[in-house]
Every structure is written in structure tokens, then in C-alpha cells.
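Fold and contact review
Given next are the chains, with one letter for each unit.
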Protein chains: 4
Amino acid sequence: MAENLSDARYQVALANRMLANEGVLDAFGHVSIRHPADPGRYLLSRSRSPAVIEPDDVLEFTLDSEPVAPPKVALYAERVIHGCIYQARPDVMAVCHHHAPAIMPFVIAGVPIVPVFHLGAAGGESVPFWNQRDEFGDTNLLVVKPEEGRSLARALAAHAAVLMNNHGATVVGGDLRQLVSRAIFMCQNAEYQLKAKLLGEVATLTAGETKLAGVINALPNVTNRTWEYWTQRLDRAGATPPRPRPRPKARTRRSAAAVKRRGGR
Amino acid sequence: MAENLSDARYQVALANRMLANEGVLDAFGHVSIRHPADPGRYLLSRSRSPAVIEPDDVLEFTLDSEPVAPPKVALYAERVIHGCIYQARPDVMAVCHHHAPAIMPFVIAGVPIVPVFHLGAAGGESVPFWNQRDEFGDTNLLVVKPEEGRSLARALAAHAAVLMNNHGATVVGGDLRQLVSRAIFMCQNAEYQLKAKLLGEVATLTAGETKLAGVINALPNVTNRTWEYWTQRLDRAGATPPRPRPRPKARTRRSAAAVKRRGGR
Amino acid sequence: MAENLSDARYQVALANRMLANEGVLDAFGHVSIRHPADPGRYLLSRSRSPAVIEPDDVLEFTLDSEPVAPPKVALYAERVIHGCIYQARPDVMAVCHHHAPAIMPFVIAGVPIVPVFHLGAAGGESVPFWNQRDEFGDTNLLVVKPEEGRSLARALAAHAAVLMNNHGATVVGGDLRQLVSRAIFMCQNAEYQLKAKLLGEVATLTAGETKLAGVINALPNVTNRTWEYWTQRLDRAGATPPRPRPRPKARTRRSAAAVKRRGGR
Amino acid sequence: MAENLSDARYQVALANRMLANEGVLDAFGHVSIRHPADPGRYLLSRSRSPAVIEPDDVLEFTLDSEPVAPPKVALYAERVIHGCIYQARPDVMAVCHHHAPAIMPFVIAGVPIVPVFHLGAAGGESVPFWNQRDEFGDTNLLVVKPEEGRSLARALAAHAAVLMNNHGATVVGGDLRQLVSRAIFMCQNAEYQLKAKLLGEVATLTAGETKLAGVINALPNVTNRTWEYWTQRLDRAGATPPRPRPRPKARTRRSAAAVKRRGGR
């Protein structure tokens, strides 16, 4: 999908803004992808809120979460989440850490998120919990040390996501679009699950249904539809990231309305 | 209402976007109408999110859900929902399948939606449930096979809608405007019912009230009001579908603001 | 406040749109005022959704809810609500009938709305219920007949509002601004009351506090603030009503942006 | 942060609008800062809704809450909240009084807000309650008299905030940005706490975690991120305050789009 590095950085900015626009990310949270040409590196923004990330903010990191080039900007303190998962999970090509309002009640009450509708099956039959306190005692709950990142990756194991007590969640994907779908539909699933509980008994998918429905979001028919939808919503919100290194001449020819719709300036 | 085929396709795009704008449809779901001139066909968009459908996306299908012309684009996997209902219900002129957040808690908890206010009576005294698992065992919950569509249509029977366990709902109407009203007010009814349950005992309309109030949305006084309202809201959101085959000359004469308000470009 | 009839009609359109913008009104509901020069008449829009009403839509009615001039347009079926209250309550200068989502759970569960914060005291110590079924048996729940309107007015008695089971609410005010404040803050009060009940025991204001706080919204310091606030929010939403009979010359001199901000075209 | 008085007034307007845009303030509530050059004074707007405050609205007050210059405009009745806290707490540089929907259920049910996620730790381990009725009997619940302000300040003591029964909350900060963060994250914390309670047992941070996580929002890495985020959201909403005393020449050179994006005119 990411044909070259420039496009890959644009995709990272796009996914960050898309997930912010859909209510998964807010002032915090971050999305990375594995480097399209070098599996030993990943691409992540400098420390900035997802909704305003531009392609030029996206930097290269080693899997030890060290910046490849000496940084002139502040970096996310929690980038070890990404590095440690890319080390532990060769199949993972994209990672998102978030504190979405939809999942917070679950990580505070310690209640498992279970698949309650076909699209919610994207998260698999179960999502494990990781309580930083169990291994590291009292902390500020940020995942900053390599050993904390490795512990989180162990809890994630082969799952699609891991819930972090009193903190948030980390979701992974086989590619960026699968990651985005999973993150969004896991939030919807959590919202419906909570409200269903208020109404009565929560019925979950069977193991068989979860397996069969779990791949729906990877069907091209579905992927194309959801990606166009979230892209258009971002565009209507005026929040599409600017293309990297815009040429001034091209820009002056654009109308004010077009510049505004492209947003983020 | 649909004077000719071109207008009918515009109306299908409009209803899709309207229901997306009112929170009934999201990345998924679809609205169809029976062909205005041929009751043995129906009109449905190619596979695309409702919020971005354009009149040119709307295609003709036989009641076996086969495209009349060889398709060059992806089609909805679940179009048998529409075909099987048009076969079973000659009175039905419009169909909407959706996963609205308002009804999901009910189809997950298996709790019936009952009429709790006069506009909610549009759904009738009761809405049946259809659990795909009962007849077909473990599936991915998508309604793809003709026998699945026929089973759903049998569960719908003569009702205004059918709830699909752990999946969503399908609503029908005697015309497109009745369908849109029913879908929207059934969602409002579900939201109010859930919150009323949190407060205390839910009081429903009597059978007599439900019958008498059930026709309010078909009164021209009401239909004109709601249609203008939802149309205006869509327009203010900049999401009105473009008119089919716009003539370039006319377009250049429009101001940039008008183009933007028309949306969807 | 309404210096002349033209301004009065503008104020009616403005209040309708304001209450729609604040979530009190939707496709349905209506706001009227007593005629500024003739207490035996009132001003109400033709049948149209509140969010799109223009000053020219506002018509004169006698207190028997008959239009003063032969109508060329459809009228609200429920206008007797307004006429019967103006007949019964000489102190009432403005009336709003609505189905706000915030109060629907209460009129469905039959749970009283009680003052739970200082601004919620605008509704008084208690709000009576009126169940159309008690006196009229099975109806479509619309208040259409004069005897239904009179029954509702009797239930309202000297209160600030009356809750209508499985239907909505009707709120009154000593002037239009008091009415708008009351309607908005009664909705906020209801939302907070429901959520407080989910948390624990709901504490209400004392009778003394309710009386003292009940007049806050009538303080000029407060009225000016809230009216400017709701007006600005309406303007930012691009939904301010057009001025009555705009002169074409003046309009062409306005910029496209100004026209758009004025909204409603 | 506030280099001079002109900028300080701009920052007060900005923080008011920012907190309105994030759902902490609405028609009511107000934000002040201690005078950057004179700790015996504070800066607060004239009586106006936070969302529309302009820098020129921000006035100087003594710690007795008397305006330094004779006022030509209406003042907030509750400004003693600010003065009495600045008197009692030399460490406090910014104060916000609000009725945020998120905290209202807690002050109505009398249920303590406890830290349930790392960012919610900004409010400290506990937030005290203050019930005006305890000391002053039946009032309209507004904090208007100096003795009421002093009583509130005593209840606040050394805490980050104080909850006011059936009224709202008052939050303080060591600087304006800390105040804004605290106010926003305390609201998020309250929302998550309520929903977690609906799901099951609410797990709080330990005392140690609360202490360690309580300083996250003061880290420059975090402060820069959140401030840019909330600023951008305000800008995208078209609600950034106008710069004080804009020069007409500069303005005519700006495009209509730029004027609109700057908002608030």
C-alpha cells in the first residue's frame, strides 16, 4: 500500500487524523507503521496530537525505538509500545495506542470486551488485559521503559489488541487499513456492549461466528468502502493532511475553498 | 414520487445520504427502492458507503438480485436482503438494511423494541427478531445466500421491520419517504426506550394508540415537514448528492460556495 | 421586546431555530408568542420544521386557533395547544411544545422531573403530568381538538410546564426569552437528573432554594448573556433566520460568506 | 506565559473559548488568571458567555473582587469565587468555575470523583465537596457574597478543585495551561467513572500512581501537545478570539476565508 517512503509518511498522518476524526484518538494516542522497505524500522510522528500530524512530522525509528536521525523535535515518551511489538510480532505491520472514550469504562472496570456484532469480531474472541502495576508497581502508567514495552507485548501475545488497566488500549494490524478498521470497530463494539448490558443479558457471537466474521474487514469489498468513507468524513471535516512538500506554484493556483477543504494549515 | 428513472436514482442517493446524516447508516447499510416502472426490478447502489453515494452509482437489479447490466463495479454482498423482500412483499416499495447504534443494544441483548411515543408507533406494535444462527448455524452473519434472504423475509412477514440478532435491522416502507421516517423514528424510539428503562418502568402505547399513531408519518402535513427538515439538514452539512450528469456549462456559472454547499465532490 | 409585528415574527422564527439548534426541537415542535398588540391573538408559524422557519412563515391566530387570514399553507394540527393556554393563562406570553430527547425518558417512564441544579429551578418545584388517555381514551396522541387543548391547559394550571405521557412537553413563559431559557434548562436538568440516578441518590434543591434560584434566568445580567450565547451559536451554525422581506439591493452588496453565515437560504 | 497585559487578556479570552469548545463551559462559567505583574489583582471578563469573550472584555479586579476601573459594563455576580481563592491560595495563578455536564451528575448525587485513569490524576487523590446550604441555608446557590467566597475557598483548601453540590465545580491551577488541562481531564475522568460504574466495579489509581501520574499534564512534552490540540480544534470550529485592537488596514488585506476562520466577529 505504501509504495514509497513519502507516501508511507502521508499514510501515517492520514491514519492518525482519521482515527482522531472517528473518536478513537484525541490529544493523545499514536499510530505507526513498519517501514515499508526495512522491517527493522518503523515510522511514527514526532510528539504531536494525532489530529494535526503532517507527513513531515513522521520520523524513522529502529525497533529499539531510537530515532534513526538525531531528532530536533520532541518524541513520544511511549514509543517503546511500537518498537517492542514490532520486535515480538513479525506479522504486525501497524500499531495504534489510544485512550478512546468507548473503551475506557472497560479498562477501568476491568470488564472484558467480547464480540457482540459481526464487525466487532475484528478484535477476535477475546482481548487480554495488561495491568502495569502487576509487574512494575506504582508508576505514572505511561509505558516508557523497554521492559514495560516488552511486558505489554508479551500480554498482547498473538491477539489483535491488549487492554491496559486504567490507561487505554493498544491495537495491531496486518496492514494499516486493517488496524484502522479494528480500532474503530472495537470501539463501536464496546459502546454497544455497554448499552446492551444496561438493557439485559449480553449475547456474544459464537466462536465459529467470530472466526468467520473476523475476516469481513479484510475483504477488499469492505476495505475499499470503509477507507473511502473515513477519508470522505475527514475531508468534510476539513482535516485531511496536507500533501508532503507542496509546491508553492501549484498552491497559488488553488482556490481558497480548496485550500480550506484540505485543512490543517 | 420518482417520476422517471433518473430522478429515482437521485432519490435513492438522497435517501442513503439522509439516513447517514441522521445516524441510521454509517460505513455500512443500504437503501433500495422498487423500480418505478417495473415491479420486477429494484434500484440499489454499487458497493459504497451511503454517505457518498451518487445517482450514477445506483444500478438496476432483478428480484433475484442479479444486476440487469453486467457490472463493472463491486456490488453489495447482502443485496439478497432487498430482492427477497421485494419478492415476498408486493406492498413494499423501499427497503433499508442498517446497523444503527440506537438499535444495536437491542439486537445484542435480544430485547424487543416497543412503541414508547407517538412517532415510534411507525414501527407497529411489535418488531420480530431473526437469528441467522437458528437456521444456518455459524456464519459470518452477512445475509448473502438467497435462502438466507428468503428466511429473513419470512421472519419479516407483514411487519414494518425485522431485528437481526448481533447484526442490525431491516426496515421496509410503502414508499421511500415512509421508509426513511420509519427508520429514523424507530431509532429515536429505541434510544428513548433504553433511557426510560434506566429511569424506571417503560410504559408503551396501547394497541389502539399504536394503530392510530402509526399513520401520523404518512400524513402529507407531516411527510412534507420531515422531508424538508432532513433535506435541509443534509444541505447544511454540505452532503446533498450531486444531480446526475451535471452539464459543465451550468456548473461553471455556479459560485464556489454553491458547489461546496452541494457537497460530495 | 417585540417592538412591532414584523420584529415579533422575526423573534418567533429566531426562537424556533434557536431551540432547534440547542436540541429542544427537531422535525417537530413549535414556539408561539402572544400578539404584541392584541392579547386576543397569537403568532405561530405555518406547518414547518422549527429549524427552517422564516419570519414570513409566521401567521396570526385567534385564541380559538383559527387563522386570522384565510390560510394558503398547511397549519400545525396541534395549534390548539397554544390557543387554549393563552386563553387560560393571561400571564403567559410565549408557549413551546416539544419532544426533546432529554425529557422523553421521563414522559415514557412517568418519572417526575425535579430541580437538581440552580438553573433547573426555572421549571419550578414540580412539573405536572397530563395523560391524554385518561380523558380521551385511545388517540393518536396529537392534541388536535379544542377539548384536548383545554384539558392540557387545566393540567398545566399555574405551572411553568406540563409533561405529556408518551408524547413530550409544553413549556410556557412570561416572555419569549424566559420561555427559551426554561425550555433549555429543563432539558439540561432532566439529563443531569437521569445520570445522577445512575450514580446514586438524586438530591433536589429545597423548596426555598428552588424559589430563590427560579428567578435567576430572569435577571437581566443572565438573560443578556444566555440570549447572546444562543444567538451566536445559531449564527456559527449558519442557521440564523433571514430578515423579513430583504431588499434585493442590500443583498447584492453582501459578500457570499455573509449570505452563507446568515443561513437558511 | 503571559508576557504582558495585552497578551494576558488574550490568553484569558482564549482559555474561556477553549474550555467552551471542549464542553467544560457553556452559557455560564468563567476563567480568570492572576495579574501577571501584580499578584494583588486578577483578570476576568465582563459578564459574557465564555464562547464569545474577546480580549477587550477582560478587566482588572482587586482581590476583593472590585473592578480597578469604574465599570461601564455588567460584571459576573460570582466573581468573589476568583478573588477569595487568589487571597487564600498564593500558589494559584488561574481559576475556572463551571457547570460542565460531565460533573453535574456527581454534584447532584453527591458521589466523589476519584482518579480512574492516568490523566484523571490531574485532580489529585480526592476532590472535596462544598454545600452552600450547610453554612448559608437556602440561597439561589450563586456564590455572590464575600463570606460565601471565603467559605468556598476554605473547602477547596490545598486541593486542585472543589465540587459544589447541586451547582458545579471550581478548579484551580499553577498556571493557565495546567488549569485548562485539569478542568478538561477531570471532566473526562468523571464521564469514564460513571460509565465504568454501569459496567461493574470502579478501580481507582493507587495513591502512588495518582501522585506519579498527577504531574503528567505539567510535562512540557504533554503541555505543548494538548495546547496545540485544543487551539487547533478551536480554530477549526471558527471560534478563535480576535486579536486585541486589530488594525483595520491589516484586516482588509485578509481574505474572507481567513476572517471567517478566525471567527468570533
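Notes on the structure follow. Predicted model, so just to flag it, every value in this text is computed and none were measured.

About the criteria used
- Residues numbered from 1 in each chain as written.
- Chains lettered and ligands numbered in written order.
- Predicted model: local features only at pLDDT ≥ 70, side-chain atom pairs only at ≥ 80, totals over all residues.
- Heavy atoms only, no water.
- Axes fitted to C-alpha atoms, helices over the stretch in contact; angles between N-to-C directions.
- Helix = DSSP H or I, 4+ residues; strand = E, 2+ residues; numbered from the N terminus.
- Parallel < 35°, antiparallel > 145°, perpendicular 65-115°, else oblique.
- Contact = heavy atoms within 4.5 Å.
- Nonpolar A, V, L, I, M, F, W, Y, C, P; charged D, E, K, R; others polar.
- Buried < 20%, exposed > 50% of the residue type's maximum accessible area, 1.4 Å probe, protein only.
- Patch = residues over 30% accessible without salt bridge, like charges linked within 9 Å, V, L, I, M, F, W, Y side chains within 5 Å.
- Areas by Shrake-Rupley, 256 points an atom, 1.4 Å probe, with all protein chains shown as cover.
- Salt bridge = Lys/Arg side-chain N within 4 Å of Asp/Glu carboxyl O.
- Lys, Arg positive; Asp, Glu negative; His and termini not counted.
- Charge placed at Lys NZ, Arg CZ, Asp CG, Glu CD.
- Least-squares fit on C-alpha atoms with pLDDT ≥ 70 in both.
- Buried area = accessible area lost by both parts, 1.4 Å probe.
- Pairing = 2+ DSSP bridges.
- Polar contact = N/O pair within 3.5 Å; in protein donor to acceptor, adjacent residues only side chain to side chain.

Our next topic: the packing of helix 6 (residues 176-199) of chain C against helix 8 (residues 220-236) of chain C. All names here are of chain C. Where helix 6 meets helix 8, the axes come as close as 11 Å, and the angle between the chain directions of the two elements is 75°. Compared by their axis directions, helix 6 and helix 8 come out roughly perpendicular. Residues Arg177, Val180, Ser181, Ile184 and Phe185 of helix 6 touch helix 8, and the partners they reach there are Thr223, Asn224, Thr226, Trp227 and Trp230. A class-by-class count of the residues in the contact of helix 6 with helix 8 yields five nonpolar, four polar and one charged.

All names here are of chain D. Here helix 2 (residues 80-88) lies mainly inside the structure; seven of its nine residues are buried. Those residues of helix 2 that fall on the buried side of the exposure criterion are Val80, Ile81, His82, Gly83, Cys84, Ile85 and Tyr86. Against the buried residues of helix 2 lie strand 1 (30-34), strand 2 (41-45), strand 4 (94-98), helix 5 (146-156), strand 6 (161-164) and strand 7 (168-173).

Before going further, it helps to spend a moment on a positive patch on the surface. A contiguous patch of positive charge, built from Lys195(A), Lys195(B), Lys195(C) and Lys195(D), is present on the exposed surface. Locating Lys195(D) in the fold gives a position in helix 6 (residues 176-199).

With that settled, the discussion passes to the relation of the copies chain A and chain D. Aligned on chain D, chain A shows an RMSD of 0.0 Å; the corresponding rotation is 90° and the shift along the axis is 0.0 Å. A rotation of that kind, with that shift, is consistent with a four-fold axis. Within chain A, the C-alpha atom positioned nearest to the axis of rotation is that of Leu198(A), 5.3 Å from it. Here only 6% of the contact residues of chain A are again contact residues in chain D; the copies associate through non-equivalent surfaces.

Time to look at the pattern of salt bridges. Within the structure shown, the criterion is met by 36 salt bridges over all chains. When the shortest N-O distance is used, the salt bridge between Glu228(B) and Arg48(C) registers 2.6 Å. Of this pair, Glu228(B) sits in helix 8 (residues 220-236) while Arg48(C) sits in the loop between strand 2 (41-45) and strand 3 (58-62), each in a different chain. Residue classification places Arg48(C) among the buried residues on the basis of a relative accessible area of 10%. Two residues, Arg233(D) and Glu22(D), come together in a salt bridge whose shortest N-O distance is 2.8 Å.

All right, on to the interface of chain C and chain B then. Across the boundary between the two partners, chain C contributes 36 residues, which contact 33 residues of chain B. Between chain C and chain B lies a buried interface of about 3,200 Å² when both sides are counted; carbon and sulfur atoms form 63% of it. Broken down residue by residue, the surface that chain C buries against chain B is led by Phe28(C), Ile108(C) and Asn166(C), which jointly contribute 19%. Counting the contacts that link chain C with chain B gives two salt bridges. Of all elements in the fold, only helix 3 (104-109) and helix 6 of chain C reach the threshold of two or more residues within the side of chain C that touches chain B. With five residues, helix 3 of chain C is the single largest residue contributor to the side of chain C that touches chain B. Across the side of chain C that touches chain B, the residue classes tally to 20 nonpolar, nine polar and seven charged.

All names here are of chain D. If you walk across this open sheet you meet the seven strands as 3-2-1-4-7-6-5, and the pairing is mixed. Where the open sheet ends on each side, the last strands, each with one partner, are strand 3 (58-62) and strand 5 (129-130). Bridge count for strand 1 against strand 4 is four bridges, and the pairing is antiparallel. Paired with Val31 across the bridge in strand 4 is Cys96. Along the sheet face, helix 2 touches strand 1, strand 2, strand 4, strand 6 and strand 7 and points at about 30° away from the line of strand 1.

As a further point, take the relation of the copies chain C and chain B. With an RMSD of 0.0 Å, chain C superimposes on chain B once it is rotated by 90° and translated 0.0 Å along the axis. When the interface residues of chain C are mapped onto chain B, a mere 6% of them are again interface residues, pointing to distinct binding faces.

Turning to the interface of chain A and chain D, a few remarks are in order. With 36 residues of chain A in contact, the opposing surface of chain D contributes 33 residues. Inspection of the chain A/chain D interface yields two salt bridges. Breaking the side of chain A that touches chain D down by element, the ones donating at least two residues are helix 3 (104-109) and helix 6 (176-199) of chain A. The element best represented in the side of chain A that touches chain D is helix 3 of chain A, accounting for five residues. Of the residues assigned to the side of chain A that touches chain D, the class counts are 20 nonpolar, nine polar and seven charged.

All names here are of chain D. Turning to its location among the elements, His30 is positioned in strand 1. His30 gets classed as buried once you look at its relative accessible area, which sits at 3%. Within polar-contact distance, the side chain of His30 engages the side chain of His82 at 2.9 Å. The residues touching His30, leaving out its near neighbours within four places in the chain, are Asn16, Leu25, Leu44, Tyr76, Glu78, His82, Val95, Cys96 and His97.

Of note, Pro55(C) is situated in the loop between strand 2 and strand 3. Along the chain, Pro55(C) and Ser45(C) lie ten residues apart, while their C-alpha atoms are 8.2 Å from each other.

This part takes up the sheet that holds strand 3 of chain C. Residues and elements named next belong to chain C. If you trace the seven strands from one edge of the open sheet to the other, you get 3-2-1-4-7-6-5, paired in mixed fashion. In this open sheet, the two edge strands, each paired with only one partner strand, are strand 3 and strand 5 (129-130). For strand 4 (residues 94-98) and strand 7 (residues 168-173), the ladder comprises five bridges, and the chain directions are antiparallel. Residue pairing for strand 7: Ala94 is matched across the bridge by Gly173. Relative to strand 1 (residues 30-34), helix 2 (residues 80-88) is tilted by about 30°, and along the sheet it contacts strand 1, strand 2, strand 4, strand 6 (161-164) and strand 7. Of the strands in this sheet, strand 1, strand 4, strand 6 and strand 7 touch helix 6, which is tilted by about 145° from strand 7.

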